Amino acid sequence: MTYRTGSLSDDHETTEKKNAVSSSTPLEALGSEEKEPEDGYGSADEDIFFIPSKNPTSSSLQRWKKATLVLNAARRFRYTAQFAEKCRIERLRRLRATAYAVRAINRFLKAGAHTTALADDVKIDAQKLVNIVQEHQTEVLKELGGIQGVTHLLKTSVENGVKDDELELEQRRRLLGNNDYPRQPAKRFWVYVRDACKDLTLIILMIAGVISLGLKMKTDGVKDGWYDGVSIAVAVLIVILVTSITDYRQSLQFTVLSEEKRNIRVEVIRGGRRKHVSIFDLVVGDIVFLKIGDQVPADGLLVDGHSLYINQSSLTGESEPVHVSQRAPYLLSGSKVDDGYGKMVVTAVGMLTEWGQLMAAIGEDTGEETPLQVRLNGVATLVGKVGISVAGFVFGISIIFYFVGHLEGSGNSGKFKAGRTSGSDVFNSLVEIIEVAVTIVVVAVPEGLPLAVTLNLAYAMKKMIADKALVRRLSACETMGCATTICSDKTGTLTLNQMTVTKAWVGGGMRDPVVDLSSLDQDYQTVLIEGIAQNSTGSVFSAGGKEPEVTGSPTEKAALHWGLQIGMRYKEARSQSTIMQVEAFNSIKKKAGVAVIVKNTDKVHIHWKGAAEMILDLCDKVRCPENSIMEIIPEQRSHLLSVIEGMAAESLRCIAFAYMELEDAEVPAEHKLEEWKIPEGPLTLLAIIGIKDPCRSEVPEAVRRCQAAGIKVRMITGDNIVTATAIATECGILKEGDLAIEGATFRNYSDEMRAAQLPRIAVMARSSPTDKLLMVRALKELGEVVAVTGDGTNDAPALREADIGLAMGIEGTEVAKENSDIIIMDDNFVSVVRVVRWGRSVFLNIQKVIQFQLTVNVAALTINFVAAVTAGHVPLTAVQLLWVNLIMDTLGALALATERPNDSLLDNPPIGLKDPLINNVMWRNIFSQASYQVIVLLVLQFRGTDILKLNGSNADEINRTIIFNAFVFCQLFNEVNSRKLEERNVFKGLMTNWLFLGIVGATVVFQVIIVQFLNKFASTVDLSWKYWLISIAIGFLSWPIAFVVKFIPVPKKPILMMKRRRRIRKHRRQGARDDKQSTARGNVNA
């Protein structure tokens, strides 16, 4: 036997979800990750460092980690998913579901036996309210006087809510709790220090430094022997501190962004006025409005509502929606509204709710592998293997050269002589060789390369908030740069979402002005106003002589404003009838209905409003100005359709109002009203209005920029095709040769027809959420990278299926937001274009970091390799290489990964999902700069003393210092080159990037300090101004070289990809020949 929450209440039944899409349960989502995709992804032929941009499998995420060369797993994989933690969360969710089952059993055993005697003067406490809702204590609720009794005890009003007084609200929070839960404690700074210390190479260097310290102090004395060992230790500590500070700051940024994502806006009524407040500001006693797609923000009781179905899968694991009614009014925090609407009174908040306890226990899951991060791990692994090979070779050569007498020992111990060189000198020399080899590994293995992605994404996410985009999934930042098509909604995204009624057909003719209904019979006006006032989820607040304040969706507000203009007194109109049943609007039905009983006459009126042509199809009669009712003949129906088309041609949204009267026998008994489905006809047409929603002035230019950037913009809307075509033409979406079709037409295409027509389709009107989902899937099958905007609950499948789901922040439901990757906070299409720009910027900034770091890698490895093979020693010491590593890994990434995007990014085509991270342009730049550095520095290594005419006992020390100084300045000047991969003007925008200038300036200052003042620490000597100028001049020459090199053309197709394709074709040809030979041998044998 299985138990479900609420199964003991005979009216808390689960029903099939009505025209709405539930969000999948966490258990289902976790389980679905384990399934391998049908396309065979993950086979041996696939690149292990390429994962899908969305919803990758757990096995694929684990495989790339195993294939990655990692020297510090604690730091490399800090921002990726932790599978052990996921399992812990899964177990915790299962435990919660089990606890619900046990609670259901206990309620079953105690059913009917629970009685409570309450004194007349008892004061309800917070825990009693918690138990009423969570344990469904119907008897206790009745003894308290039902919902009205609870609202009385809580000193709140269903009509006016709690007082909008900050002092009273604060008292409620103090007495009955805050609607918040404790967060998992953030990692302290020392944790990041500890993780940085886990780097294997740094550990080896620290051990080598300690050994060197002991030996040098023994041989040279304490006064002179402590420099080398302490220098290495200090250099390692600096690297650890800088790394830790960078990582710690990134974690703080992610924490701030996580808080922003949690901050849901909730609609409440306080002091008689509807307003939006933060979910964290809710108090016990608040009256909260719920509609389709909302998250229930706290535990509470339903005070008023219709057809309300709640999805509690996030708490119980049950995906079937639960019907919440006046007889079973229990609402649990964290559940979602699948259908209907209502009002609830908050009875418990924060940690007194199941949802608060669950969220406090689980915490925030920040682990996510982004595709770019994974691919960079592949690059880092390849470079690391080469670096380790070079370090191993240098170590071997140095050992051999030392023992054959070609290499000087450490300090002043001289060359090795068998039987004469002391054991301590030999050991000290070996330690020094190990230090250099390990330091080469430190420089060669770019551990900071994958973390540069995290740094880049953290910066981008923070700045995107200022551009009205809130990122929910890290990888969406990257994928947005690859988008080839954007499927956009119309209302609010392409238009202003500021609606006004500009056309009206009422009583047989057009009204000019639209508010002039003086020729209509009074009864006609009364019925029309009744439909406007009662068949609405909006409201009107009037405060003594002031302009009425209208709230609700933009369409509802436009209709209510028109109602006020034609003489509607909102409260009076609503008081003259009582609502019996409601059919809520959703994007599938495209209409909303309400059944009311008129108080004076006891007549039952059914009012419908919605898409004009759909309502007209349900009508067989029309009301005339003198209040008579006339049959709609074919000629009049044609005329009404032409009226609708005329309004639509002017970009107006057409809404029709219709009604019907029911006999008493057609209305079910009161106890059956909850299950009653309102009849849809035949109706009597009352009015058709045209609502103007102007196109945003900035949208046409934004659409043009997208089209210039190689992105096809498509409009998917529920409006009729005439309105959609007019708006699309105004926005520049629909051009000559493009198609505008209806959802039904697209739905009925064959697969072949759909694939053939899809490239030309720019507008899909009268579309359902299923049509939107079908279009997304069809586009993805054609190889498109699809971005989709959505705001409704039924948009969730399309948002989840798309490569990038963009939910609207103002009009979007919580279900839509939860299934999205990015939330557009101002609902503006221009913000979508900004997100595209940021996506391209993320990829480009990472390419800049790669180019810069690989140039350092290639130059350092080549110089050390050649010097070790030819001279038997390397020109740069361990401390110097650690300083170079700091410039390359952390400071370089910080400078280059935080470049802001510019409009020129939209002049290029979209980035391919499988485009190589290192393209031919980058290879050209890397090899030209690295070759220059290698040649110049090796010339200085072997002929520097002669060329620079260095004399004296410290000539070699000066030469080595110049080499070190020149090498650092080469990196600083090349860092500026790396700002622009193809542009010749590398200084464009440089003076506005203060962070970049600050990092370069700070690096120069520290280089001066290291060379001039920390001679013992860095194994350098003081340089005169002449040698400083020489070092700077060597670095400066990289600028003209970079300028000239950019004139060299390179093939667009990646060289490595071309070679790989040739190998594949060769392999296939060889396979075909083998097949032919096998067939021929078979025929001969036959």
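Residues numbered from 1 in each chain as written. Predicted model: local features only at pLDDT ≥ 70, side-chain atom pairs only at ≥ 80, totals over all residues. Heavy atoms only, no water.

**Focus on the overall build of the protein chain**
From N to C terminus, the protein chain includes 38 helices and 26 strands. When the 1086 residues of the protein chain are sorted by exposure, 55% land in the buried category. Looking at the protein chain as shown, the accessible area adds up to about 47100 Å², and 57% of this sits on carbon and sulfur atoms. (Helix = DSSP H or I, 4+ residues; strand = E, 2+ residues; numbered from the N terminus. Buried < 20%, exposed > 50% of the residue type's maximum accessible area, 1.4 Å probe, protein only. Areas by Shrake-Rupley, 256 points an atom, 1.4 Å probe, with all protein chains shown as cover.)

**Digging into the packing of aromatic side chains**
Counted by the stated rule, this structure contains 14 aromatic pairs. Note on Phe393 and Phe865: the rings are 5.0 Å apart at their centroids and 35 degrees apart in plane angle, and the pair reads as tilted. Of this pair, Phe393 sits in helix H14 (residues 371–403) while Phe865 sits in helix H30 (residues 829–870), placing them 472 residues apart in sequence. Of the residues examined, Phe865 reaches a relative accessible area of 33% and is grouped as partly exposed. Among the aromatic residues, those joined into a ring-pair cluster are Phe973, Phe987, Phe1036 and Trp1039. It is Arg754 that lies over the ring of Phe746; its NZ or CZ is 5.4 Å from the centre. (Phe/Tyr/Trp six-rings, centres within 6.5 Å; stacked < 30°, edge-to-face > 60°. Lys NZ or Arg CZ within 6 Å of the ring centre and 35° of its normal.)

**Regarding the packing of H30 against helix H31 (residues 878–896)**
Interaxial distance between H30 and H31 falls to 9 Å at its minimum, and their mutual angle equals 165 degrees. One element, H30, and the other, H31, form an angle in the roughly antiparallel class. Crossing hand, H30 versus H31: right-handed. Residue-level inspection shows Asn845, Lys848, Val849, Phe852, Gln853, Val856, Asn857 and Asn864 of H30 in contact with H31, the latter providing Leu881, Val884, Ile887, Met888, Asp889, Gly892, Ala893 and Leu896. Of the residues in the contact of H30 with H31, the class split is 9 nonpolar, 5 polar and 2 charged. (Axes fitted to C-alpha atoms, helices over the stretch in contact; angles between N-to-C directions. Parallel < 35°, antiparallel > 145°, perpendicular 65-115°, else oblique. Left-handed = near helix turned anticlockwise from the far one by under 90°. Contact = heavy atoms within 4.5 Å. Nonpolar A, V, L, I, M, F, W, Y, C, P; charged D, E, K, R; others polar.)

**Side note on the nonpolar core**
Core analysis: the largest hydrophobic core is formed by 141 residues, its most contacted members being Ile733, Ile804, Ile822, Phe829 and Phe967. At 20 residues, H30 tops the list of elements feeding residues into this core. Each of domain 2 (371–458 + 837–1046) and domain 3 (488–495 + 715–827) accounts for three or more of the residues forming this core. Ile822 has contacts with Ala469, Leu470, Val471, Arg472, Ala476, Ile804, Gly805, Leu806, Ala807 and Val835, leaving out every residue within four places of it along the chain. The next biggest cluster of nonpolar side chains, apart from the first, holds 45 residues, and it includes Val133, Ile287, Val288 and Val346. (Core = buried A, V, L, I, M, F, W, Y, C linked by side-chain atoms within 4.5 Å. Domains from an automatic or database assignment.)

**Here's the deal with unusual backbone geometry**
Cis rather than trans, the peptide bond between Asp512 and Pro513 has omega equal to 0 degrees. On the secondary structure map, Pro513 appears in the loop between strand E11 (509–510) and helix H18 (522–534). Residues Gly681 and Pro682 are joined by a peptide bond in cis, for which omega reads 0 degrees. Note that Pro682 resides in the loop between strand E19 (652–662) and strand E20 (683–692). Even without being glycine, Ser307 reaches a positive phi, approximately 50 degrees.

**Details of helix H36 (residues 1025–1036)**
Residues spaced three or four apart along an α-helix point in a common direction, a consequence of the helix completing one turn every 3.6 residues. Between its first and last C-alpha atoms H36 spans 16 Å; for 12 residues at 1.5 Å apiece the expected length is 16 Å, and the two agree. Of the positions making up H36, those classed as buried are Tyr1027, Trp1028, Ser1031, Ile1034 and Gly1035. An end-on view of H36 places all buried positions within 125 degrees of arc, on one side of the element. (Expected span 1.5 Å × (residues − 1). Arc of directions from axis to C-beta.)

**Looking at the sheet that holds strand E26 (residues 822–824)**
Across the sheet, 8 strands lie side by side as E8-E26-E25-E24-E9-E21-E23-E22; this open sheet has mixed pairing. Either end of the sheet is taken by a strand with one partner, and the two such strands are strand E8 (469–471) and strand E22 (739–742). The mean angle between the axes of side-by-side strands here comes to 20 degrees, regardless of whether they run parallel or antiparallel. Pairing analysis gives 4 bridges linking E22 to strand E23 (residues 761–765), with the strands arranged parallel. (Pairing = 2+ DSSP bridges.)

**A few points about a nonpolar patch on the surface**
Together, Val1005, Phe1006, Val1008, Ile1009, Phe1013 and Leu1014 make up an exposed nonpolar region whose accessible area comes to about 530 Å². Considering the arrangement of structural elements, one finds Val1005 in helix H34 (residues 994–1012). (Patch = residues over 30% accessible without salt bridge, like charges linked within 9 Å, V, L, I, M, F, W, Y side chains within 5 Å. Salt bridge = Lys/Arg side-chain N within 4 Å of Asp/Glu carboxyl O.)

**Points about the pattern of salt bridges**
Scanning the entire structure with this criterion turns up 33 salt bridges. Of the charged contacts, one joins Glu168 and Arg172 as a salt bridge, the two residues approaching to 3.4 Å between their closest N and O atoms. Remark: Arg172 and Glu168 occur in helix H8 (residues 166–176); sequence separation between them is 4 residues, near one turn of the helix. For the residue pair Glu168 and Arg172, the accessibility class agrees, reading buried in each case. With a shortest N-O distance of 3.9 Å, Asp195 and Arg194 are connected by a salt bridge.

**Remarks on the UniProt feature "transmembrane region" (unreviewed entry) in the protein chain**
Per the UniProt record, "transmembrane region" (unreviewed entry) is found at residues 196–214, 226–245, 382–404, 436–459, 994–1015 and 1027–1050. Taken end to end, residues 382–404 is 96% helix and 0% strand, and its first and last C-alpha atoms sit 33 Å apart. The straight-line gap between the two end C-alpha atoms of residues 1027–1050 is 37 Å; of that span, 75% is helix and 0% is strand. (UniProt positions renumbered as here; feature names shortened; annotations may be inferred.)

**Here's the deal with a negative patch on the surface**
On the surface, a cluster of negative charge is made up of Asp602, Glu661, Glu663, Asp664 and Glu666. Relative to the assigned elements, Glu661 resides in strand E19. Of the residues examined, Glu661 reaches a relative accessible area of 41% and is grouped as partly exposed. (Lys, Arg positive; Asp, Glu negative; His and termini not counted. Charge placed at Lys NZ, Arg CZ, Asp CG, Glu CD.)

**Description of the pairing of strand E21 (residues 712–716)**
A large share of E21 lies buried, amounting to 4 of its 5 residues. Bridge count between strand E9 (residues 485–488) and E21: 4 bridges; the pairing is parallel. Each bridged residue has a counterpart across the sheet, and for Ile486 the counterpart in E21 is Val713. Bridge count between E21 and E23: 2 bridges; the pairing is parallel. What sits directly across from Ile716, in E23, is Met764.

**Focus: the packing of helix H33 (residues 955–977) against helix H37 (residues 1038–1045)**
H37 packs onto H33 with a crossing angle of 35 degrees between their chain directions and a minimal axis gap of 9 Å. For the pair H33 and H37, the crossing hand works out as right-handed. Where H33 abuts H37, its residues Cys970, Phe973, Asn974, Val976 and Asn977 lie against Ser1038, Trp1039 and Ala1042. Looking at the contact of H33 with H37 residue by residue, the classes come out as 5 nonpolar, 3 polar and no charged.

**Observations regarding the side chain of Gln636**
Tracing the chain through its elements places Gln636 in helix H22 (residues 634–649). The contacts of Gln636, once residues within four sequence positions are left out, are Val622, Met630 and Glu631.

**Some remarks on the environment of Asn828**
Mapped onto the elements of the fold, Asn828 is located in the loop between E26 and H30. A relative accessible area of 8% places Asn828 in the buried class. Between the C-alpha atom of Asn828 and that of Leu496, which follows or precedes it by 332 residues, the distance is 8.2 Å. Once residues lying within four places of it in the same chain are set aside, the contact partners of Asn828 are Gly492, Thr493, Arg696, Glu698 and Val699. In this structure the side chain of Asn828 is engaged in a polar contact, spanning 2.8 Å, whose partner is the side chain of Glu698. (Polar contact = N/O pair within 3.5 Å; in protein donor to acceptor, adjacent residues only side chain to side chain.)

**Some words on helix H7 (residues 146–153)**
Along H7, the residues classified as buried are Gly146, Ile147, Gly149, Val150 and Thr151. On its buried face, H7 sits against helix H5 (126–134), helix H6 (138–143), strand E4 (299–311) and strand E7 (336–348). Positive backbone phi, approximately 55 degrees, marks Lys155, located one or two places after H7.

**Side note on the confidence of the model for the protein chain**
Averaged over all residues, the pLDDT of the protein chain equals 81, while 81% of them reach at least 70. Scored below 50 in pLDDT, residues 110–122 shows 10 contacts in the model against residues more than four places distant or in partner chains. (pLDDT = per-residue confidence, 0-100.)

**Let's talk about the environment of Ile850**
In this structure, Ile850 sits in helix H30. Residue Ile850 is classed as buried on the basis of its relative accessible area of 0%. Each C-alpha atom, one on Ile850 and one on Leu917, is 8.3 Å from the other, the two residues being 67 residues apart in sequence.

**Considerations on the state of the cysteines**
Enumeration over the complete set of coordinates arrives at 0 disulfides. A disulfide-free cysteine, Cys731 has its sulfur positioned 3.1 Å from the sulfur of Cys695, the nearest such atom. (Disulfide = S-S within 2.5 Å.)

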